[in-house]
Every structure is written in C-alpha cells, then in structure tokens.
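# Geometric and topological summary
Spelled out, the chains give:
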Amino acid sequence: MKKFTIIITLIITTITANAQWIAQTSGTTNSLYSVYFTSTDTGYAVGDLGTIRKTINGGTNWTAQTSGTTNALLSVYFTNSYLGYIVGETGTILKTTNSGTNWAIQASGTTHNLLSVYFCNDTTGYAVGLSGTVLKTIDGGTNWLAHENGINSLVSLYSVCFTSVDTGYIAGSSGYLYKTTNGGNNWNVLGNGGIGSLDLHAVQFISSDTGFVVGANSAFLKTINGGTNWLSTYGGGNAFNSVYFTNANTGFAAGNYGGYGIIQKTTNGGTNWVTNFSNGSTGNLNSIYFPNFNTGYVVGVSGAIRKNSVSAEVEEIEPSFSANIFPNPATDIVTLNIKAANNEDVKLDIYTVMGILVRSEILKQSNQHINIGNLNNGVYIVTIKSGGLTENQRLIIQK
C-alpha cells in the first residue's frame, strides 16, 4: 500500500463564494506543459528548458527545482508525495525519491520525444510519445522496455492512462485510440465514435468503465463500458489539450481558441459545455489538474499558472472537523484519523462515481480502520458528515 495521506479540512463560511481562475506567479516565462498535485497544497509544473516549479502552499509561491537538463519537460506524474517522474524531449526521463529536492536522469532507450507518463503503482509505469513509442518499467524506472506491439509507428501518442496494472488506454494523432488488457504486451485499436482523423490529446478514466478523451476541433469522447463504445461530439473550433473530471458529471477541458487560452466546463457528463474561463488575448493552456473537488490548476504558455479559487468576502470560523485518510490509493484497509470539535460521531459513506452507495459507517472520533477489500478497483467518492458539515473526497482502490 502507498503511504500517501489526503488531508480533509472543513471551514464554515457565512456566505456562498464564487469560483474564479486566478493568475499565479510562476517565476518563469518558459511555457509550462504539465501540472500535477500530490495534495491540495503541494504541486509541480514542468515545461521548456528543463523548467520545474513546485509549490507547497497552494500556488501562493512557486519555487524552482533543478532538473539537470535543458530539454523541454512535457509530463509529470507522482505515485505518492515523494516519488515522482517527468518525461520530455529526446527520451528524457527524470525521477525523484524526495519530493523533487533531487531529480535523477534515467536511461529511456529512445531519442523520441516522450509526451505522457503514468504509473499504476510505485514500480510499474508507462511513457508514450512520438513515432508510436511506448515504454514500460516494472522496477521503478531503472529499466524501460518498448511495449509497442499493435501500435502504428506513424502515430504520435499524446496521453496514456491505466485503470489497473493490466488495463490501459492511449490517445494519439489521427484519431487513434488504443487499449491493452495485458499490461502493454499487446495494444488494440478502438473505435473513436466517428470523429475521423482528429488528433486526440488527452485521456482520463475515473473508473474501470468510465473514461473521457479530448482533442482537436473540440473533440470530446466518452465511454461507460471500458472503451467498447464511445459517444462523441466535435466541431466547436477549440483545441482541447487536457481534460479532468472530478466526478462522472463535472469536468473541465483546457486548450485554446483563436489563439487565446480557454477552459470549458460540463456539469452533465459532457453533454453540454460552457466557457468557464477565457484569457481574451494570447496563451495556450496545456494541462489541467484538480487535487480535490473545489480546487484546480491550469498551466500554459509563458509560464502561465491559474488556480480555480473560491473568491468572496468570507468570515471564517475555526475549523471544527478534520480527517486524515490513508493510504490512498489503497488495497484492502483504509485508516481514518478523525477529529471534530463537537465530539459528535461521524457518518462515512462511500459511493461509486455513478452515485451508487457501496459502504456506510458510523464512526467514533479516533483512528478507524475500514476494510474495503470487497470493493472493486476504481475511483470512489467518500462523503464524511459531522455536526451538519459535509466533505467529499476521492478514494482510489488499486489492488
């Protein structure tokens, strides 16, 4: 099990606040291509000329980390709070075991640009890129081997995502979608919902069955059966570069339209999209990430970083409820360290992302151990209630 802790904190406010995308100071003018957070406050953004920026206070300050390369860094992924990977130009792969204090260059065995990296656990990961490149490691990046059986070598592979150690998806150029069910030993071409040869830039799955893909010309695809069928829409003129759904209904797509950055949002699973942010000038937005349901970050050209923030005149009351959930991802047991000022019992409900209740518990305030061994792999919504307060968080089960 991974030793990664999610901190849940509730603050009572006297008014309803409005979400906005607020510009942050990144400290660089280099374009940023990927952003990833290991907690609500701690995150990383990577980009041109070996740029790595880290925040430990929710983006109030971003500090430089030393990458040891001048190659463009194109994708970042952490398996827990201290173990992370970055991939980029000419086969660049970097690894940290101490939250980015030091980054070590790893041998990838390729000179092709690597565009996306994803790890299923601390040891098993994948990197994909230009010319149909698919690399896999099973030893935490010490060795990377090609796993390209079934991949068209003329296709650029933009994004990789796995729902288990064996089952994964790749989105690529010319409308190509691939799926493996045997840990990358073979890749099979999937239908793409009739969108033709539009480039597909990003893929995200929130459960073993439900996934989303975005791409050029406002291309949006959704599956609820593990990629067997895809529902698609396209033709809005936007170039979507990144997608992030916080649950089955609420999602965000970041990219550009007419030369300026844009974020669109859906609250009905992609049936309808509305503009959530536009910078009204120039600036492609390349990557979007939400560490929790209420907080998101997006990065783009010229060092742009924006945060989806709650902005209003808010009267804060001392936090009266908090809980630590660990480990996350989990396999069989999760521990909840619960503290509430009102000394009331806590009600915990676990739902699938489709809203199906699969577990309900009444908990006392202390360390509580919950057996989730009978739940399937996937992403779940954990609802915690105490004294009229409610907080939702994601729990990943990965066996």
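Residues numbered from 1 in each chain as written. Predicted model: local features only at pLDDT ≥ 70, side-chain atom pairs only at ≥ 80, totals over all residues. Heavy atoms only, no water.

### Thoughts on the overall build of the protein
Of regular secondary structure, the protein possesses 0 helices and 36 strands. The 399 residues of the protein split such that 55% are buried. Taking the intrachain contacts of the protein between residues at least 6 apart in sequence as the baseline, contacts between residues at least 24 apart amount to 48%. Carbon and sulfur atoms form 47% of the exposed surface of the protein, whose accessible area is close to 16,200 Å². (Helix = DSSP H or I, 4+ residues; strand = E, 2+ residues; numbered from the N terminus. Buried < 20%, exposed > 50% of the residue type's maximum accessible area, 1.4 Å probe, protein only. Contact = heavy atoms within 4.5 Å. Areas by Shrake-Rupley, 256 points an atom, 1.4 Å probe, with all protein chains shown as cover.)

### Overview of the confidence of the model for the protein
For the protein, the mean per-residue pLDDT works out to 86, and 85% of the residues sit at or above 70. Of the regions scoring below 50 in pLDDT, residues 1-18 engages in 68 contacts with residues more than four places distant in sequence or in other chains. Taken together, the stretch residues 311-320 has pLDDT below 50 and engages in 25 contacts with residues farther than four places along the chain or on a different chain. (pLDDT = per-residue confidence, 0-100.)

### With respect to unusual backbone geometry
Non-glycine residue Thr90 carries a positive phi angle of around 45°. If you trace the backbone, Thr90 turns up in the loop between strand E8 (84-88) and strand E9 (93-96). Judged by its relative accessible area of 43%, Thr90 is partly exposed. In this structure, Ser174 is a non-glycine residue whose phi angle is positive, near 60°.

### Side note on the nonpolar core
Judged by nonpolar contacts, the single largest core of 67 residues is most densely connected at Ile263 and Ile288. The contacts of Ile263, once residues within four sequence positions are left out, are Trp21, Phe252, Ala253, Ala254, Val274, Thr275, Asn276, Phe277, Leu285, Ile288 and Val298. With 16 residues, the next largest nonpolar core counts Ile325, Ala330, Leu348 and Ile397 among its residues. (Core = buried A, V, L, I, M, F, W, Y, C linked by side-chain atoms within 4.5 Å.)

### Details of the pairing of strand E5 (residues 51-55)
Most of E5 is tucked away, with 5 of its 5 residues classed as buried. In sequence, strand E4 (residues 43-47) turns back onto E5 through a hairpin of 3 residues, with Leu49 there showing a positive phi of about 55°. Where E5 meets strand E6 (residues 63-65), 3 bridges bridge the pair, whose relative direction is antiparallel. Bridged to Ile52 within E6 is Gln65. (Pairing = 2+ DSSP bridges.)

### Points about the sheet that holds strand E3 (residues 32-37)
Judged by pairing direction, the sheet is antiparallel, and its 4 strands sit side by side in the order E3-E4-E5-E6 without closing on themselves. Strands at the two margins of the open sheet, each flanked by one partner only, are E3 and E6. Taken over all neighbouring pairs, the strand axes of this sheet differ in orientation by 25° on average, direction set aside. (Axes fitted to C-alpha atoms, helices over the stretch in contact; angles between N-to-C directions.)

### Re the environment of Gly300
Here Gly300 shows up in strand E28 (residues 295-300). What makes Gly300 buried here is its relative accessible area of 0%. With 44 residues separating them in the primary sequence, Gly300 and Asn256 have C-alpha atoms 9.9 Å apart.

### Some words on the side chain of Ser218
Among the secondary structure elements, Ser218 is positioned in the loop between strand E20 (211-215) and strand E21 (220-223). According to the relative accessible area criterion, Ser218 is buried, its value standing at 9%. Of note is the side chain of Ser218, whose polar atom sits 3.5 Å from the backbone nitrogen of Gly236. Not counting the four nearest positions on each side in its chain, Ser218 is found in contact with Thr233, Tyr234, Gly235, Gly236, Gly237, Asn238 and Phe240. (Polar contact = N/O pair within 3.5 Å; in protein donor to acceptor, adjacent residues only side chain to side chain.)

### Remarks on the sheet that holds strand E18 (residues 188-190)
Working definition: the strands of a sheet are paired by backbone hydrogen bonds and lie parallel or antiparallel to each other. As summarised here, the arrangement of the 4 strands in space is E15-E16-E17-E18, forming an open sheet in which the pairing is antiparallel. Two strands bound the open sheet, and with one partner strand each, they are strand E15 (157-162) and E18. Neighbour to neighbour, the strand axes of the sheet diverge by 25° on average, direction disregarded. Two elements, strand E16 (residues 168-172) and strand E17 (residues 177-180), share 4 bridges in a ladder whose sense is antiparallel. By the bridge assignment for E17, Ile170 is matched with Tyr178.

### A look at the pairing of strand E25 (residues 260-266)
Of all 7 residues in E25, 5 are buried; the element is thus mostly enclosed. A loop of 2 residues connects strand E24 (residues 251-257) with E25, the two strands running antiparallel in sequence, and Gly258 in this loop sits at a positive phi of about 60°. The pairing of E25 with strand E26 (residues 274-278) spans 4 bridges and is classified as antiparallel. Each bridged residue has a counterpart across the sheet, and for Gln264 the counterpart in E26 is Thr275.

### Quick look at the packing of aromatic side chains
According to the stated counting rule, one finds 27 aromatic pairs in the structure shown. Taking 3.8 Å as the distance between ring centres and 10° as the angle between the ring planes, the aromatic pair formed by Tyr85 and Phe119 counts as stacked. Separated by 34 residues along the polypeptide, Tyr85 in strand E8 and Phe119 in strand E11 (residues 114-119) bring together distant segments of the chain. A relative accessible area of 0% means that Tyr85 is categorised as buried. Geometrically, the ring pair formed by Tyr176 and Tyr178 is stacked, given 5.7 Å between the ring centres and 15° between the ring planes. In this structure Tyr176 comes out as partly exposed when scored by relative accessible area, which is 25%. (Phe/Tyr/Trp six-rings, centres within 6.5 Å; stacked < 30°, edge-to-face > 60°.)

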